[in-house]
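Spelled out from the first residue to the last, the chains are:
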Amino acid sequence: MNQYGKITYTGSYLPERNVTNEELSQFMDTSDEWISSRTGIRSRHVVTSENTSDLCIKAAQVLLDKSQIDPETIDFIIVATITPDYQMPSVACQVQAGIKAVNAFAFDISAACSGFIYSLSIGEKMIRGGYKRGIILGGETLSKALNWEDRTSAVLFGDGAAGVILEAVEKPHLLAEKLQSDGQRGSALTSGFQFNESPFYQSEGNKREQSSSFLKMNGREIFDFTMNDVSKNIQSLVDEHDFEADYFLLHQANIRIIDKLAKKLKIPREKFLSNMDKYGNTSAASIPILLDEAVNKGIIKLDSTQQVVLTGFGGGLTWGTMLLTL
Ligand code: ACO
């Protein structure tokens, strides 16, 4: 018998420390007015002692507490992140240890702000292939990737983790998807350059003073990318499947991007949920944080016939849309 993946629980964890725009303006040449009018962001959560694995383990524990699922029955764990604690072990393996999911295999996915969408797609294929239950998380501590002296990027991002339990059911819930990438435009958004300090390495470009590993962004290019490529991606998938969405949950980069996309797609703005005012841009964590918040508020109901669009977009460049019924 065929089986398909369904989101059965959502959960999230935000670090306690909340930093307002006002607080940033005390040590950076910026203002609440500039940040909130251009981005919609008013505050963000940042870690003071935790790392990405800590946030992800706490989000996974929320999922286990809500569902009362025995962690030994989890088949796989996928974590989407661009800010892992280590290159190895993966955050997913740290989560596996943290929640004692002793029978799960675990790995990370690097697709920036599209990471959760890519991971959900992979997890759903795993279930179609025979696995019964998985945890998919997006988790980031972007605060460690930022140059806190660069006001053009530091004000935009926040830390957090969230995810879902995906379980095998008889009917498809992920109805369609379209994932895309364009490595040729990768320089528009970069972070975490890895220096090679081997005595044999000769490249001039490797010198620390010439290249920084901090997050760097060409804001205009990213804005244009969302208006051109991301809008086409959503439009083509929705049209192709004649999909009547109740809600659109887009990566939470910037309120202006969401306002303009809604206008361009001629979709009522109230169908687009947003919460970047409280959390900033949390990259791979932003869509699951938004989903969990909407479920907790009763806006999105997991055992309903609601139809939902999830769209991620970000570094790589990567982008992608999924059509789900709940
Ligand atoms: N506070 C005060 N002034 C600032 C700040 C700040 N935090 N940052 C930049 N400025 C100044 C600039 O120095 C510049 O000053 P100048 O004219 O004297 O040179 C002026 O504000 C305008 O700067 P721009 O970079 O042109 O600002 P813009 O209006 O384009 O807004 C923004 C920047 C919000 C990032 C915009 O480009 C944007 O919306 N980009 C979309 C991409 C995005 O939101 N990315 C998020 C992360 S990527 C992702 O998740 C996919």
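Above this text sits the structure in question.
Figured I'd write up the structure that's included with this text. All values derive from a computational prediction rather than experimental measurement.

1. Quick word on the site of the ligand
Argument step 1. Residues in contact with the ligand amount to 23 residues; listed here are only the nearest, Thr30, Arg151, His251, Asn254 and Asn281.
Argument step 2. The side chain of Arg38 places a nitrogen or oxygen atom 3.0 Å from an oxygen atom of the ligand.
Argument step 3. Here Gly219 contributes a backbone N or O atom positioned 3.1 Å from a nitrogen atom of the ligand.
Argument step 4. Residue contributions to the shell around the ligand peak at 4 residues, all from helix α7 (residues 219-240).
Argument step 5. Looking at the shell around the ligand residue by residue, the classes come out as 11 nonpolar, 8 polar and 4 charged.
Argument step 6. Viewed by domain, the shell around the ligand spans two of them, domain 1 (4-172) and domain 2 (175-197 + 204-325), each represented by three or more residues.

2. Some points on empty space enclosed by the protein
Argument step 1. Under the defined criterion, the tally for this structure stands at 1 cavity of 30 Å³ or more.
Argument step 2. Size it by volume and the largest cavity reaches roughly 90 Å³.
Argument step 3. Around the largest cavity sit Gly5, Lys6, Ile7, Leu120, Glu124, Leu166, His173, Leu174, Leu324, Thr325 and Leu326, which together line it.
Argument step 4. Elements represented by at least two residues in the lining of the largest cavity include exactly β1 (4-13), α5 (115-128) and β13 (318-325).
Argument step 5. The residue inventory of the lining of the largest cavity, partitioned by class, reads 6 nonpolar, 3 polar and 2 charged.

3. Overview of the side chain of Glu293
Argument step 1. Secondary-structure assignment places Glu293 in helix α10 (residues 286-296).
Argument step 2. A relative accessible area of 13% means that Glu293 is categorised as buried.
Argument step 3. Excluding residues within four positions of it along the chain, Glu293 makes contact with Asn275, Lys278 and Tyr279.

4. Observations regarding helix α3 (residues 52-67)
Argument step 1. With 16 residues, α3 ought to run about 22 Å at 1.5 Å a step, and its terminal C-alpha atoms sit 23 Å apart, in line with that.
Argument step 2. Looking at α3, one finds that the buried residues are Thr52, Ser53, Leu55, Cys56, Ala59, Ala60, Leu63, Leu64 and Ser67.
Argument step 3. Where α3 is buried, its residues contact β1, β4 (76-80), α4 (91-98), β6 (133-141) and β7 (159-169).
Argument step 4. Gln68 lies just past α3 and shows a positive phi near 60°.

5. A closer look at unusual backbone geometry
Trans is the common state for peptide bonds, and a negative phi is the common state for residues other than glycine.
Argument step 1. Here the bond from Met88 into Pro89 is cis, since omega is 0°, no more than 30 degrees from zero.
Argument step 2. Relative to the helices and strands, Pro89 is located in the loop between β4 and α4.
Argument step 3. Backbone torsion omega between Gly316 and Leu317 reads -10°, so that peptide bond is classified as cis.
Argument step 4. When you line up the elements, Leu317 lands in the loop between β12 (307-314) and β13.
Argument step 5. Phi is positive for Asp242, close to 50°, though the residue is something other than glycine.
Argument step 6. Mapped onto the elements, Asp242 comes out in the loop between α7 and β11 (247-250).
Argument step 7. A residue is classified by how much of its surface remains accessible, and Asp242, at 72% relative accessible area, is exposed.

Quick notes on the rules
Residues numbered from 1 in each chain as written. Predicted model: local features only at pLDDT ≥ 70, side-chain atom pairs only at ≥ 80, totals over all residues. Heavy atoms only, no water. Near = heavy atom within 4 Å. Polar contact = N/O pair within 3.5 Å; in protein donor to acceptor, adjacent residues only side chain to side chain. Helix = DSSP H or I, 4+ residues; strand = E, 2+ residues; numbered from the N terminus. Nonpolar A, V, L, I, M, F, W, Y, C, P; charged D, E, K, R; others polar. Domains from an automatic or database assignment. 1 Å grid on protein atoms, 1.4 Å probe; cavity = no way out; pocket = protein on both sides within 12 Å on 5 of 7 lines; lining within 4 Å. Points joined across faces, edges and corners; volume = space filled by probe spheres on them. Buried < 20%, exposed > 50% of the residue type's maximum accessible area, 1.4 Å probe, protein only. Contact = heavy atoms within 4.5 Å. Expected span 1.5 Å × (residues − 1).

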